[in-house]
Amino acid sequence: MPIVFYIIVLSIALIDYITNKSIISPVFIFCAVWTFICTLAFLSLFNLKDYSIYAVILILCGVVSFALGGFLARLIKSNNSNKLNYCDNRDDIQTSNNLPELNMTFLNAVLALVCIGSFASLYYSLNAFLDGYTYMVVRGSLLNYNDAQIIDNRIISYFIMYFVGPAQVVLLPLAILFTFNKTRKRFSLIVYLCVVSGIISSGGRITLLYSIAQMIAVAFYFKVNISKKAKRNIVIASIALLIAIIILTNLRTRSGLWFSIYSYFSAPVVMLSEYMRVADSMKIQTFGGATLYPFMYIANAVTDVLGMNIKYLNNLVYYVGLPQRQWIELFPGRAYNAFCSMFYFFYLDFRYVGVIVVSFIYGGVTSYVYKKSFKERSQKYLLWYLLLLQTIVASFTIWQLGNTKFFVSILILLVSGIKMKKEKPVSDPSRQKNAKKLH
């Protein structure tokens with residue numbers, strides 16, 4: 001099966017690269033992520049728990065469907081279909097850009113609340129460290145994985161979990177885009193400080209991976225406008241983020257670095273296999289509810305308040321949340337949770353048909369947004385692509401678009417009131433500054 005997997009997935013990645021000439025297209029990244037994840041699982045190191053071959057087949061179906069959706073999206077004609085993937089000079093890149101006009105009053109208010117929540121979280125975590133708690137205990141408390149009460153105020157805890165975290169998901173790509181546009185430097189600096197504060201307080205590493213991916217994507221967007229100095233700074237920043245990941249890994253676990261990385265990325269295949277078995281044995285099918293989980297979660301909360309006991313909603317909430325609550329021994333003496341992959345959600349809904357259909361739609365949407373961003377030079381769509389890029393990178397964890405926290409992120413970006421604003425010609429004195437080469 002590994003040979004078949006590699007032949008198909010690597011062929012898709014090669015075709016995408018040849019036709020798209022980019023390593024940051026959704027199809028190429030998706031293939032790269034799942035090739036990496038499955039390769040580690042295929043190695044079966046450290047006595048990794050056995051997994052069903054059907055989990056690999058399911059993943060393969062999802063990757064192929066995602067790619068087909070992406071290829072189809074490229075065939076959709078647009079008003080600017082004659083534009084090249086990258087403009088040839090700075091004048092072209094300036095006149096072709098559609099800059100997003102944001103509701104900065106709203107975003108400044110969001111940032112102010114994020115500052116309060118971020119530093120409150122840091123305060124509670126530092127107090128916990130001083131009391132002798134480890135990073136594992138602190139992080140487990142913040143995610144409600146254990147009984148430790150790092151934050152004793154439930155309102156503050158919910159505020160940090162369901163607003164501050166989702167808001168940072170939106171603010172980070174905005175800050176990166178502002179940095180490359182050389183605008184709103186103070187806003188961007190505060191966002192970076194809040195993100196660093198959140199990472200220190202929780203020990204979360206995945207945010208660093210998102211940062212690297214989004215920074216590289218924006219760098220590709222401004223490819224012709226980046227000087228050697230800027231490229232050097234990007235490389236330095238990426239190396240610094242990778243070093244931070246290594247440090248956080250060593251602080252969070254007593255295991256070796258290689259084992260920690262291996263277990264982190266090999267787990268999804270085994271987890272998916274386990275929860276496919278659970279869904280089959282319990283004969284649970286959610287008919288679209290898992291894919292659209294945020295709406296179902298709200299419906300379940302409302303019906304609970306009204307005293308209505310709807311079995312479908314209760315089962316949906318239970319089985320979608322099961323991977324978060326249940327710990328499975330993947331290695332001798334070591335149990336893990338969560339990382340069931342996005343395919344688990346689609347499988348809950350319609351089994352293989354769900355994986356094929358939803359992955360196809362997902363691939364089509366992400367590739368369409370990528371096309372609008374990079375071929376039509378729209379920074380409005382670039383913001384959405386950066387958000388979708390996170391879902392692609394994190395596809396081995398859970399279905400991000402079916403996560404209530406990520407749903408809050410989407411709402412924040414929508415409420416920010418993005419409008420299209422035509423860029424004035426470079427000859428306009430008010431725009432001369434934006435035409436300068438980025439350093």
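**Student:** In this structure, what is going on with the side chain of Asn403? I would like to understand it.
**Tutor:** Within the fold, Asn403 resides in the loop between helix H15 (379–393) and helix H16 (404–415). By relative accessible area, Asn403 is classed as buried at 19%. When sequence neighbours within four positions are dropped, the list of residues in contact with Asn403 reads Pro294 and Ile398.

**Student:** What is the right way to read helix H2 (residues 26–43) from this model?
**Tutor:** Given 3.6 residues per helical turn, the α-helix brings residues three or four places apart onto the same face. Here H2 is 18 residues long and its end C-alpha atoms lie 26 Å apart, about the 26 Å a rise of 1.5 Å per residue gives. With 13 of its 18 residues buried, H2 lies for the most part within the structure. After H2 finishes, the residue Ser44 shows a positive phi value of roughly 50°.

**Student:** How should I be thinking about the pattern of salt bridges in this particular structure?
**Tutor:** Between side chains of opposite charge, pairing is possible as soon as their charged atoms come close. Tallying each qualifying case throughout the model produces four salt bridges. For the salt bridge of Asp16 with Arg74, the shortest nitrogen-to-oxygen distance reads 2.0 Å. In this pair, Asp16 sits in helix H1 (residues 2–20) while Arg74 sits in helix H3 (residues 53–74), placing the two residues 58 residues apart along the sequence. With relative accessibility at 0%, the residue Asp16 sits in the buried group. Taking relative accessible area as the criterion, Arg74 reaches 23% and is therefore assigned partly exposed. One salt bridge connects Lys372 with Glu376, and the closest N-O pair in it is separated by 3.0 Å.

**Student:** How should I be thinking about the nonpolar core in this particular structure?
**Tutor:** One recurring pattern in soluble globular proteins is that nonpolar side chains are buried together. Counting residues in each nonpolar core, the largest one holds 117 residues, and the members touching the most others are Trp34 and Phe343. Every residue in contact with Trp34, bar those within four places of it in the chain, is listed here: Phe5, Ile59, Val63, Ser341, Phe343, Ser395 and Phe396. One finds Ala128, Val138, Ile151 and Ile160 within the second-largest nonpolar core, a separate group that totals seven residues.

**Student:** Just to check I follow, could you spell out the pairing of strand E2 (residues 328–331) for this structure?
**Tutor:** Here is the key point about a regular strand: its side chains alternate between the two faces of the sheet. Examined bridge by bridge, E2 and strand E3 (residues 334–336) share three bridges and lie antiparallel to one another. From the neighbouring strand, Phe331 faces E3, where its bridge partner is Arg334. Between the end of E2 and the start of E3, which pair antiparallel, lie two residues, with Gly333 showing a positive phi angle near 80°.

**Student:** Explain the environment of Met215 to me, please; I cannot follow it from the model alone.
**Tutor:** The topology assignment puts Met215 in helix H9 (residues 206–221). Given the relative accessible area of 13%, Met215 is considered buried. Sequence separation between Met215 and Thr179 is 36 residues; the distance between their C-alpha atoms is 10.0 Å.

**Student:** Can you walk me through the packing of helix H7 (residues 154–181) against H16 in this structure?
**Tutor:** In helix packing, the relevant descriptors are the interaxial angle and the interaxial distance, both defined with respect to the helix axes. Between H7 and H16, whose axes approach to 8 Å, the crossing angle comes to 55°. Comparing their axes, H16 and H7 come out oblique. Two packed elements cross with a definite hand, and for H7 against H16 that hand is right-handed. Counted together, Met161, Tyr162, Phe163, Pro166, Ala167, Val169 and Val170 of H7 and Thr404, Lys405, Phe406, Val408, Ser409, Ile412 and Leu413 of H16 form the full contact between these two elements. Looking at the contact of H7 with H16 residue by residue, the class counts come to eleven nonpolar, two polar and one charged.

**Student:** When you look at the packing of H1 against H3 in this model, what are you seeing that I'm missing?
**Tutor:** It is the contact of H1 with H3, at a shortest axis distance of 10 Å, that shows an interaxial angle of 15°. Judged by the angle between their axes, H1 and H3 are roughly parallel. Between H1 and H3 the crossing geometry is left-handed. Judged by residue contacts, Phe5, Ile8, Val9, Ile12, Ile15, Asp16, Thr19 and Asn20 of H1 engage Val56, Ile59, Leu60, Val63, Val64, Ala67, Phe71 and Arg74 from H3. Taken together, the residues of the contact of H1 with H3 break down into twelve nonpolar, two polar and two charged.

**Student:** What is the right way to read the confidence of the model for the protein from this model?
**Tutor:** In the predicted model, the protein carries a mean pLDDT of 84, and the fraction of residues at 70 or more is 82%. Low pLDDT, under 50, characterises residues 81–97; the stretch is placed with 45 contacts to residues that sit more than four places away or in other chains. Note that pLDDT drops below 50 for residues 420–439; the model gives that stretch 46 contacts with residues more than four away or on any other chain.

**Student:** What should I look at first to understand unusual backbone geometry in this one?
**Tutor:** A negative phi holds for most residues other than glycine; trans holds for most peptide bonds. The residue Phe46 is not glycine, and still its phi comes out positive at about 55°. Inspection of the secondary structure puts Phe46 in the loop between H2 and H3. Accessibility expressed as a relative area gives 37% for Phe46, which makes it partly exposed. For Lys182, which is not glycine, the phi torsion reads 55° and is therefore positive. You can see Lys182 is positioned in the loop between H7 and helix H8 (185–202). By relative accessible area, Lys182 is classed as partly exposed at 38%.

Conventions adopted
- Residues numbered from 1 in each chain as written.
- Predicted model: local features only at pLDDT ≥ 70, side-chain atom pairs only at ≥ 80, totals over all residues.
- Heavy atoms only, no water.
- Helix = DSSP H or I, 4+ residues; strand = E, 2+ residues; numbered from the N terminus.
- Buried < 20%, exposed > 50% of the residue type's maximum accessible area, 1.4 Å probe, protein only.
- Contact = heavy atoms within 4.5 Å.
- Expected span 1.5 Å × (residues − 1).
- Salt bridge = Lys/Arg side-chain N within 4 Å of Asp/Glu carboxyl O.
- Core = buried A, V, L, I, M, F, W, Y, C linked by side-chain atoms within 4.5 Å.
- Pairing = 2+ DSSP bridges.
- Axes fitted to C-alpha atoms, helices over the stretch in contact; angles between N-to-C directions.
- Parallel < 35°, antiparallel > 145°, perpendicular 65-115°, else oblique.
- Left-handed = near helix turned anticlockwise from the far one by under 90°.
- Nonpolar A, V, L, I, M, F, W, Y, C, P; charged D, E, K, R; others polar.
- pLDDT = per-residue confidence, 0-100.

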